[in-house]
Amino acid sequence: ETEAGTETETEPEAGSVPVPASDPYRPLLRIGLGMQLSAYRDTSYELVWWAGLHVAVTFTEWIALGVRELGAGYASDRSIGPGGVLFLELAWRLDPAIDLHASAGGHLQAVVPPTSPFVLGFAPLGGVGARFWAHPSLSIGGDAEVRWTATTTFHAGVPVVPFGTVLVSGGVSVCAHL
């Protein structure tokens, strides 16, 4: 039903809640915290974890662009590695309470050794996951992904891993949607 070219609310039935004539998706900002646990093979299998701030702009309900695991780490060689994962995410609304998503991006770091100039660390990655909506403004996500270190120096939690190391990760995030 329209009124002078604009949409209006439909007439509610007795005792029901009014529903808008249409419910277009509004761009949102997603802010939260996330953590990943990763495994890689060195002389034996090693476990490391990542954690940090998660910020994304959701242009539509199916596409988001952002940064996650934003933070810094202190490695075993006494270097510091501030950085984060830049990502593009495509989602599919399976149910009003569940989204499935795939993401691609890269983990970028400024690795600052104690006695030499800083170097950039980079690991491209790809992954899949699901986001469960506990409330229209709160979600809990689960992800699985693979990273490949493309530089000679890269922080993987506390250890510094060499070029070509493959890290397989699983993680969770809790995000507010504004």
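Calculation notes
- Residues numbered from 1 in each chain as written.
- Predicted model: local features only at pLDDT ≥ 70, side-chain atom pairs only at ≥ 80, totals over all residues.
- Heavy atoms only, no water.
- Pairing = 2+ DSSP bridges.
- Helix = DSSP H or I, 4+ residues; strand = E, 2+ residues; numbered from the N terminus.
- Core = buried A, V, L, I, M, F, W, Y, C linked by side-chain atoms within 4.5 Å.
- Buried < 20%, exposed > 50% of the residue type's maximum accessible area, 1.4 Å probe, protein only.
- Contact = heavy atoms within 4.5 Å.
- pLDDT = per-residue confidence, 0-100.
- Phe/Tyr/Trp six-rings, centres within 6.5 Å; stacked < 30°, edge-to-face > 60°.
- Salt bridge = Lys/Arg side-chain N within 4 Å of Asp/Glu carboxyl O.

(A) Expanded view of the pairing of strand 6 (residues 83–95). When strand 5 (residues 63–71) meets strand 6, the two strands line up antiparallel, connected through seven bridges. Across the sheet, alanine 64 pairs through a bridge with glutamate 89, a residue of strand 6. Relative to strand 7 (residues 98–111), strand 6 runs antiparallel, the two being bridged by 12 bridges. Residue pairing for strand 7: glycine 83 is matched across the bridge by glutamine 109. Turn length for the strand 6-strand 7 hairpin, with the two strands adjacent in sequence and antiparallel, is two residues.

(B) The arrangement of the nonpolar core in detail. Tyr40, Val48, Trp50, Ala123, Phe154, Ala156, Val161 and Leu167 form the largest nonpolar core, which has eight residues in total. Among residues more than four places away in sequence, those in contact with alanine 156 are Val48, Trp50, Val161 and Leu167. Ala56, Ala64, Phe87 and Leu125 belong to the second-largest nonpolar core, a separate cluster that totals five residues.

(C) Up close: the side chain of histidine 155. By secondary structure assignment, the location of histidine 155 is in strand 10 (residues 154–155). Discounting residues that sit within four places of it in the chain, histidine 155 has contacts with Trp50, Gly73, Tyr74, Ala75, Ser79, Ile80, Gly81, Gln109, Val111 and Val160.

(D) Seen up close, unusual backbone geometry. Even without glycine at this site, glutamate 69 takes up a positive phi of about 50°. You can call glutamate 69 buried: its relative accessible area is 6%.

(E) Region of the structure containing the confidence of the model for the chain. Scored by pLDDT, the chain has a mean of 84; 85% of the residues are at 70 or more. Ranking the elements of the chain by mean pLDDT puts strand 1 (residues 2–3) last with 51 and strand 9 (residues 138–148) first with 95. Low confidence marks residues 17–23, where pLDDT is under 50. Its contacts with residues over four positions away, or in another chain, come to 10 contacts.

(F) Main features of the pairing of strand 12 (residues 166–177). Residues of strand 12 alternate between two faces, with Leu167, Ser169, Gly171, Ser173, Cys175 and His177 buried on one and Val166, Val168, Gly170, Val172, Val174 and Ala176 left unburied on the opposite face. Here strand 3 (residues 28–41) runs beside strand 12; their pairing, made up of 10 bridges, is antiparallel. Residue methionine 35 lies in a different strand from strand 12, and its bridge partner there is valine 172. The pairing of strand 9 with strand 12 spans 11 bridges and is classified as antiparallel. Bridge pairing in strand 12 places tryptophan 148 opposite valine 166.

(G) How the structure looks around the environment of glycine 129. Note that glycine 129 resides in strand 8 (residues 119–135). Judged by its relative accessible area of 16%, glycine 129 falls in the buried class. Ignoring anything within four residues of it in the chain, the contact list for glycine 129 reads Asp99, Leu100, His101, Gly142 and Asp143.

(H) Seen up close, the packing of aromatic side chains. Under the definition given, this model contains two aromatic pairs. Pairing tryptophan 50 with phenylalanine 154 gives two aromatic rings, centres 6.0 Å apart and planes at 55°, and the pair type is tilted. One end of the pair, tryptophan 50, is in strand 4 (residues 45–60); the other, phenylalanine 154, is in strand 10, with 104 residues separating them in the sequence. With respect to burial, tryptophan 50 and phenylalanine 154 carry one shared label: buried. Between the aromatic rings of tryptophan 148 and phenylalanine 163, the centroid separation amounts to 5.4 Å while the plane-to-plane angle is 70°, which identifies the pairing as edge-to-face.

(I) Seen up close, the pattern of salt bridges. What the rule picks out here adds up to seven salt bridges. A salt bridge links glutamate 69 to arginine 68; the shortest N-O distance between them is 2.6 Å. Arginine 68 gets classed as buried once you look at its relative accessible area, which sits at 10%. Here glutamate 145 ties to arginine 68 by a salt bridge, and the two come within 2.6 Å at their closest N and O atoms. Taken as a pair, glutamate 145 in strand 9 and arginine 68 in strand 5 lie far apart in primary sequence, 77 residues in all.

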